[in-house]
Each structure stands twice: as structure tokens, then as C-alpha cells.
Amino acid sequence: MIYNIAIDGPAGAGKSTIARRVAKELAFVYVDTGAMYRAMALYLIRSGAGKEDVKEFGRLCQGADISIEYREGEQTVILNGENVTPLLRTEEVGNMASVSSADPKVREKLLDLQRKLAASMSVVMDGRDIGTTILPDADVKIYLTASSQKRAERRYKELTEKGISCCLDEIRRDIEERDRRDMNREISPLRQAEDAVLVDSSDMTIEEVTKRILQICCEKFSLSDREQKK
Ligand code: DC
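Residues numbered from 1 in each chain as written. Predicted model: local features only at pLDDT ≥ 70, side-chain atom pairs only at ≥ 80, totals over all residues. Heavy atoms only, no water.

What about the side chain of Arg185?
By secondary structure assignment, the location of Arg185 is in the loop between helix 8 (168-184) and strand 8 (197-200). Overall, the relative accessible area of 8% leaves Arg185 in the buried class. A polar side-chain atom of Arg185 sits 2.8 Å from the main-chain carbonyl oxygen of Ser188. (Helix = DSSP H or I, 4+ residues; strand = E, 2+ residues; numbered from the N terminus. Buried < 20%, exposed > 50% of the residue type's maximum accessible area, 1.4 Å probe, protein only. Polar contact = N/O pair within 3.5 Å; in protein donor to acceptor, adjacent residues only side chain to side chain.)

Given below as C-alpha cells:
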């Protein structure tokens, strides 16, 4: 039996942390679709494109071959034969991904890969359009969000803990700008699917959110706690 769980939501809502934990508990595979858009963004940057070169994205992206491998249970993104996973989490790549993911050709190139992964195994897939476009028949759909202030505070903490100096206001502005782009693009904009369960993590811990989502999944799959991996 293959199960698909879709988790969508804005940048910084904790999707990847939560999706990874939920996947581990259920012994499903975690699929991070944002990383695929980031790999495409990296390819465009390397091709010399800037955020303003929107007219070039459709043509340039044809040269990118993106695939996914699982190494020790972790998703690895391969761009034209190179493992680019460690290069994807920068602000530059994230901002470029937010702009280039609005291009229909970029989305078309990644849609098949995402659907094939979900058809071949039980997955927890996170992104922006998983419940609305990629997996409209997903067994469970979650829309995970939090206030932009809370999301900015979490990002600020994460960066300062890594010793990276940053400005909270700037991070919040960046997050709001990214929300605006992701929610207002013409193709597959970020929005809550009609049948998605809304989870607002603003005042919840990671453990609480994980527990809530597992509860929703268990109700849906009629799995007892013992049937979960742990
Ligand atoms: O989740 P993330 O920050 O890694 O995603 C980076 C960008 O990729 C995000 O701003 C929008 C885009 N994206 C998308 O359009 N659709 C997805 N399913 C996942 C990400």
C-alpha cells in the first residue's frame, strides 16, 4: 500500500523539519521539492542568469538534468551528475528559486519527477503546490503556516546560532517578499488546498506540530500507534 502525505506552506513555517520527522516516524520517504527548485536556481545562477532575467529561464532550464537519490535515508539532489545538496540552502539560491519557480517551463521539468517519486513509494512531500497540483489525490494534506514575525524569529535564531550575523527586520521583509511572490504567481501559486488541514505552528513546538500531523495521518490511515515505526 502506498500512502502520500502532502505538506504545503510558506517559507520558514518548519515544513522540512516537520516533514522529515513525520516521515521517519511512519517509515516513509521524505521528499523535499524545494530542494529541486533550488537545484534549478543554482543551475540558472551558474549559467550567468540573475533574478531579472526571467525571459531566459525557460530556455536555460532545458540544460538542467535534475534527479534524486537516497543516501542513508537522506535526499540527495543530483544536478547534471553532480551532488549539489550542500550548495542549496543559501539565501541567494533560495531567492533565485522563488523567482525562477514561477516559470512554467521550470515547473514542467520538475512535475514529472515529483509525481513519479510519489507513485513509487510512500512519501511525505513538502512544497508549495503538492496538495493543489502535484498530488491532488494525496491521502493527507496539511497546510503548515506561522506568522511572518515568528518565521523570521526562527530563521534569525538559526542563523545566529551558526555564527552568521543578520538583521531580524531584513529577514522578515525577505520572508514577506517571498510569500508575496509564491502566493501571487500565475502558475501553481501557494494556497491551501480545499481538503487540506490547516496547522498554524506560530505558538507550537516542533514536537507538538509533529504529534498533531501524526495524529491526523493515523486517523486517516487507521494505524494504531504500535503500527507506526516507533
Ligand atoms: O521550500 P524552499 O524554501 O526550499 O523553496 C524554495 C523556493 O522554491 C520557494 O520560494 C518556492 C519554490 N517552490 C515551489 O515553487 N514549489 C514547490 N513545490 C517547492 C518550492
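Once the structure has been displayed, the description carries forward.
Description of the nonpolar core
If you look at the biggest cluster of nonpolar residues, it comprises 37 residues, and the most contacted ones within it are Ile66, Val77 and Met125. Sorting the residues of this core by element identifies helix 2 (33-46), helix 3 (54-60), strand 3 (66-71), strand 4 (74-79), helix 4 (91-100), helix 5 (104-120), strand 6 (123-127) and helix 6 (130-134) as the ones contributing at least two each. Met125 has contacts with Ile5, Ala6, Ile7, Val31, Thr33, Gln114, Ala118, Ile130, Ile134 and Leu135, leaving out every residue within four places of it along the chain. Judged by nonpolar contacts, the second largest core, of 22 residues, contains Ile7, Leu26, Val140 and Val199. (Core = buried A, V, L, I, M, F, W, Y, C linked by side-chain atoms within 4.5 Å. Contact = heavy atoms within 4.5 Å.)

Details of the site of the ligand
Contacts to the ligand come from 16 residues, most closely from Thr33, Arg38, Arg107, Arg128 and Arg185. Thr33 places a polar side-chain atom, nitrogen or oxygen, 3.0 Å from a nitrogen atom of the ligand. At a separation of 3.3 Å, an oxygen atom of the ligand approaches a polar side-chain atom of Ser101. Protein contacts shield 95% of the accessible area of the ligand, which totals 450 Å² for the unbound molecule. The set of elements that each furnish at least two residues to the shell around the ligand consists of helix 2, helix 4 and helix 8. Of the residues contributing to the shell around the ligand, the split by class is three nonpolar, five polar and eight charged. (Near = heavy atom within 4 Å. Areas by Shrake-Rupley, 256 points an atom, 1.4 Å probe, with all protein chains shown as cover. Nonpolar A, V, L, I, M, F, W, Y, C, P; charged D, E, K, R; others polar.)

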